[in-house]
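Listed here are the chains, written in short residue letters.
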Amino acid sequence: MARRIAVAAAFLALAAFPAALAQSPGPAAAPAGPPNVTAILEKGGQYTTFMRLMKETQQDTQLNSQLNSSFGNNGGGGYTVFAPTDNAFNNLKPGTLNSLTQQQQVSLVQGHILPQYYAMDSFQTASNPVRTQASGRDGPYTLNITSDTNNQVNVSSGVVEVRINNALFSTKPLAVYSVDKVLLPLELFGAKAPAPAPTASAGKPKKGGSSDAASGPAGSDDSASSGAASGRAVGLSVAGLAAALAYLL
C-alpha cells in the first residue's frame, strides 16, 4: 500500500512540473539596439553613392554615434534622413560632385539630415523653414516641407523640389526617406549675384594719353599770352626800321 502511495505521489509531481515551467517567467527579451543608418541604406540596395559620400565625409560615423547617444533618451529629438537614390545622383550634371570641396561635400550630406525625428504624418505640421545639420556663414541650411490635399509630402531646397517616397525606416529616433533627386543646397548651387560694374576712377587719363587737367581747350590763357608776346615783338621791329629810315633821310 505504501508503495502505491509513493508511486502516485511521484506521478503527481511529474505531472505538475510542466505546469510550473509554463508559469515561471522566461528570460526578459533583450531590448533592440539603436538603429544604424548604414545598415538601413545597405538593405535598401540603391543608395551606394549616398553611402559613399557619407563614408568619405565621415557623416555615417557621426550620425550613428549621435543615434547611439540619443537612443533610449525620451528627451532626444531624433533624426530624419532624406536618402537620394543612385539614379538621383546619375541625373546630376557630370562633374557636380567633383567640383565641390571636401567641406562642401560635408555640407551637401548634412543638408539631407534633419536634427529631429519626423514621422510621415508629422510633416504636415512642420514649421518652415526646417533646419538641417548643415550650416554656413549665413546660418543653418534649411528646407521647406509642404503637404498637399492628398497627403503627399514635398521637400524643397530652394534649387530643387522632390516628393518624398517610401520610408526605408521610421521608428524613433530615426526616420529614413527615399527621394528621387539630390537636395542641392541653395547656399552651394543657387544663382550667384552679378558682380558690381567697375566705377571710373577720378582723374583717369582719357584715351590719347592726356587728361583734362593737362591739356586745356583751344584759345586758353596760355595760347593768348603767347600770341600777345609775338605781336609785341613784331611791333618793335617795325618801329626800329622806321627810325633808321628817318635818320638816313
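Scroll up to find the structure.
Presented here is a report on the structure given in the accompanying data block. This one's a predicted model, so the numbers in the text were calculated from it and none came from an experiment. (Residues numbered from 1 in each chain as written. Predicted model: local features only at pLDDT ≥ 70, side-chain atom pairs only at ≥ 80, totals over all residues. Heavy atoms only, no water.)

Examined against the element boundaries, leucine 63 turns out to sit in helix α4 (residues 59–70). Accessibility expressed as a relative area gives 2% for leucine 63, which makes it buried. Spatially, the C-alpha atoms of leucine 63 and valine 37 are 7.6 Å apart, while their sequence positions differ by 26 residues. (Helix = DSSP H or I, 4+ residues; strand = E, 2+ residues; numbered from the N terminus. Buried < 20%, exposed > 50% of the residue type's maximum accessible area, 1.4 Å probe, protein only.)

Cis geometry marks the peptide bond from asparagine 128 to proline 129; its omega dihedral reads -5 degrees. Phi at glutamine 58 is positive, roughly 65 degrees, even though this residue is not glycine. Tracing the backbone through its elements, the reader meets glutamine 58 in the loop between α3 (48–56) and α4.

What follows covers the layout of surface pockets. Reported here for the largest pocket is a volume of approximately 330 Å³. Lining the largest pocket are 14 residues, and of these Arg137, Asp138, Tyr141, Glu187 and Leu188 lie nearest its centre. Counting only elements with at least two residues in the lining of the largest pocket, the list comes to β4 (139–147) and α7 (186–189). (1 Å grid on protein atoms, 1.4 Å probe; cavity = no way out; pocket = protein on both sides within 12 Å on 5 of 7 lines; lining within 4 Å. Points joined across faces, edges and corners; volume = space filled by probe spheres on them.)

Attention now goes to the sheet that holds strand β2 (residues 113–114). Strand order in the open sheet made by the 4 strands is β2-β1-β8-β7, with mixed pairing throughout. The open sheet has two edge strands, β2 and β7 (167–171), and neither has a second partner. Direction of pairing for strand β1 (residues 79–84) relative to strand β8 (residues 174–179): parallel, over a ladder of 6 bridges. Bridge pairing in β8 links valine 81 to valine 176. Where helix α2 (residues 37–44) meets the sheet, its contacts fall on β1, β7 and β8, and the angle it forms with β8 comes to roughly 35 degrees. This element, α4, spans β1, β2 and β8 of the sheet and lies at about 150 degrees to β1. (Pairing = 2+ DSSP bridges. Contact = heavy atoms within 4.5 Å. Axes fitted to C-alpha atoms, helices over the stretch in contact; angles between N-to-C directions.)

Moving on: the nonpolar core. Counting residues in each nonpolar core, the largest one holds 44 residues, and the members touching the most others are Leu41 and Phe82. For this core, the element with the most residues is β8, which contributes 5 residues. Those residues in contact with phenylalanine 82 that lie beyond four places of it in its chain are Phe50, His112, Leu114, Phe123, Leu143, Ile145, Val155, Ile164, Tyr177, Val179 and Leu183. (Core = buried A, V, L, I, M, F, W, Y, C linked by side-chain atoms within 4.5 Å.)

This part covers the packing of aromatic side chains. Any aromatic ring pair is given by two values, namely how distant the centres are and how the planes are angled relative to each other. Enumeration according to the criterion identifies 4 aromatic pairs in this entry. Centroid distance phenylalanine 82 to tyrosine 177: 6.4 Å. Interplanar angle 35 degrees. Geometry classified as tilted. Here phenylalanine 82 is found in strand β1, whereas its partner tyrosine 177 is found in strand β8, with 95 residues between them in sequence. With respect to burial, phenylalanine 82 and tyrosine 177 carry one shared label: buried. Ring pairs connect the aromatic residues Phe82, Tyr118, Phe123 and Tyr177, which therefore count as one cluster. (Phe/Tyr/Trp six-rings, centres within 6.5 Å; stacked < 30°, edge-to-face > 60°.)

Below, the discussion takes up empty space enclosed by the protein. Applying the stated criterion across every chain, the model contains 1 cavity of 30 Å³ or more. Here the largest cavity is characterised by a volume of approximately 40 Å³. Lining the largest cavity, in full, are Gly111, Thr132, Tyr141, Thr142, Leu143, Ser157, Leu183, Pro185, Leu186 and Glu187. Put simply, the parts of the chain that give the lining of the largest cavity at least two residues each are β4 and α7.

On to the pattern of salt bridges. As a working rule, side chains carrying opposite charge can pair if their charged atoms are close by. Under the criterion given, the structure shown has 2 salt bridges. The residue arginine 52 makes a salt bridge to glutamate 56 at a minimum N-O spacing of 3.3 Å. Of this pair, arginine 52 and glutamate 56 both sit in helix α3, 4 residues apart, roughly one helical turn. What makes arginine 52 partly exposed here is its relative accessible area of 40%. For arginine 163, the salt bridge is made with aspartate 148, and the minimal N-O distance between the two is 3.9 Å. With arginine 163 in strand β6 (residues 161–163) and aspartate 148 in the loop between β4 and β5 (153–156), this residue pair connects regions lying 15 residues apart in the sequence. (Salt bridge = Lys/Arg side-chain N within 4 Å of Asp/Glu carboxyl O.)

Read these as spatial facts, not as claims about activity.
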